[in-house]
Amino acid sequence: MPMIAEGLVTSVDAEGRINLAPMGPIVFGDFESLLLRPFQPSATFSNLSQTRHGVFHVVDQVDVIVRIVLGTLTTLPEMEPAHVVPGHVLKDCCRWFEFQVESVDATEARSQMAARIVHRGERRPFFGFNRARHALLEAAIIATRTHLMEWPDISSAFQFLEPAVKKTGGQTELDLFQLLYNFVQKRKNPDV
Ligand SMILES: Cc1cc2nc3c(=O)[nH]c(=O)nc-3n(C[C@H](O)[C@H](O)[C@H](O)COP(=O)(O)O)c2cc1C
């Protein structure tokens, strides 16, 4: 059964402007190919449809993912040119996978893009599973879905996730969790 890997995708538009977005492609084999499913409209969807290449990154830190979701990532993290595709590789990642989009199915709002890995690289070993970071991933995904969820469900999800963050995270994880909580609270109760 193929699985989903949550990570970061860099893509470029026709003018070469870089976009960085959290994405969870379905991974086939040992990263031989991916099925990316960017929603329409999104910068990732339009960039990958136009230029047909990008880079998927496996990361073990969640701060960039969370800051993108919060809209507070003011400058892009450092990057280097990709090796095979005319794209960009994050300097801080565990592994990266340069891909070529081979087909685009845009009939549904959530598009389907089959992509072949054309080059891969490794920068540093994976830190290891950390419950606080996994909890932050879940909280970040909820923060992108506030329009689909009612406040009681969001609030109870955050209550469930909080102990893992408190028990197993560092100060960065605690701070990011609080920022995400403030973000979802404001989205659902603008008067708070
Ligand atoms: C961990 C994580 C995984 C995500 N995976 C996807 C995905 O597979 N497809 C998608 O359309 N959005 C996904 N999102 C939400 C997008 O990152 C979000 O919609 C973003 O605004 C799209 O950015 P863009 O317009 O820069 O492409 C994910 C978010 C998170 C936090």
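Residues numbered from 1 in each chain as written. Predicted model: local features only at pLDDT ≥ 70, side-chain atom pairs only at ≥ 80, totals over all residues.

Student: Explain the domain arrangement of the protein chain residue by residue, including any values.
Tutor: Domain boundaries in the protein chain define domain 1 (3-122) and domain 2 (131-188). A separation of 24 Å is found between the C-alpha centroids of domain 1 and domain 2. Taken residue by residue, the interface counts eight residues in domain 1 and eleven residues in domain 2. The dominant element in the side of domain 1 that touches domain 2, judged by the number of residues it contributes, is helix 2 (residues 63-70), at five residues. (Domains from an automatic or database assignment. Contact = placed C-beta atoms within 7 Å. Helix = DSSP H or I, 4+ residues; strand = E, 2+ residues; numbered from the N terminus.)

Student: Please give an account of the pairing of strand 6 (residues 53-58) that cites residues and values.
Tutor: With four bridges connecting them, strand 2 (residues 7-12) and strand 6 associate as antiparallel partners. Bridge pairing in strand 6 places Leu8 opposite His57. Sheet topology places strand 6 next to strand 9 (residues 95-105); six bridges connect them, and they run antiparallel. By the bridge assignment, Gly54 is partnered in strand 9 with Phe99. (Pairing = 2+ DSSP bridges.)

Student: Describe the nonpolar core, naming the residues involved and giving the relevant values.
Tutor: Counting 42 residues, the largest nonpolar core has Val55, Phe56, Val66, Leu136, Ala139, Ala140 and Leu180 as the members making the most contacts within it. Leu136 has contacts with Val62, Val66, Val165, Glu173, Leu176 and Phe177, leaving out every residue within four places of it along the chain. (Core = buried A, V, L, I, M, F, W, Y, C linked by C-beta atoms within 7 Å. Buried ≥ 20, exposed ≤ 12 C-beta atoms within 10 Å, placed from the backbone.)

Student: Tell me about the pairing of strand 9, and name the residues and values.
Tutor: Bridge count between strand 9 and strand 10 (residues 112-122): ten bridges; the pairing is antiparallel. Pairing of Val101 across the sheet is with Ala115, part of strand 10. Hairpin geometry of strand 9 and strand 10 is characterised by an intervening segment of six residues between the two adjacent antiparallel strands.

Student: A description of the site of the ligand should follow, citing residues and the corresponding values.
Tutor: Looking at the ligand, there are 18 residues lining it, with Ala21, Pro22, Phe39, Ser42 and Thr44 nearest. Per-element accounting of the shell around the ligand gives the leading share, four residues, to strand 3 (residues 18-23). Inspection of the shell around the ligand shows a minimum of three residues originating in each of domain 1 (3-122) and domain 2 (131-188). (Near = placed C-beta within 6 Å.)

Student: Any chance you could break down the sheet that holds strand 9 for me, citing the residues and the numbers?
Tutor: The strand order across the open sheet formed by eight strands is 1-4-5-10-9-6-2-3, and the pairing between neighbours is antiparallel. On the outer flanks of this sheet lie strand 1 (3-4) and strand 3, each paired with one strand and no other. Note: strand 5 (residues 33-36) against strand 10, four bridges, orientation antiparallel. Within strand 10, the residue paired with Leu34 across the bridge is Ala115.

Student: Could you give an account of the environment of Met149, with specific residues and numbers?
Tutor: In this structure, Met149 sits in the loop between helix 3 (131-143) and helix 4 (151-168). For Met149 and Lys188, which are 39 residues apart along the polypeptide, the C-alpha to C-alpha distance reads 9.2 Å. Look past the residues within four positions of Met149 in its chain and what remains in contact with it is Ile142 and Ile154.

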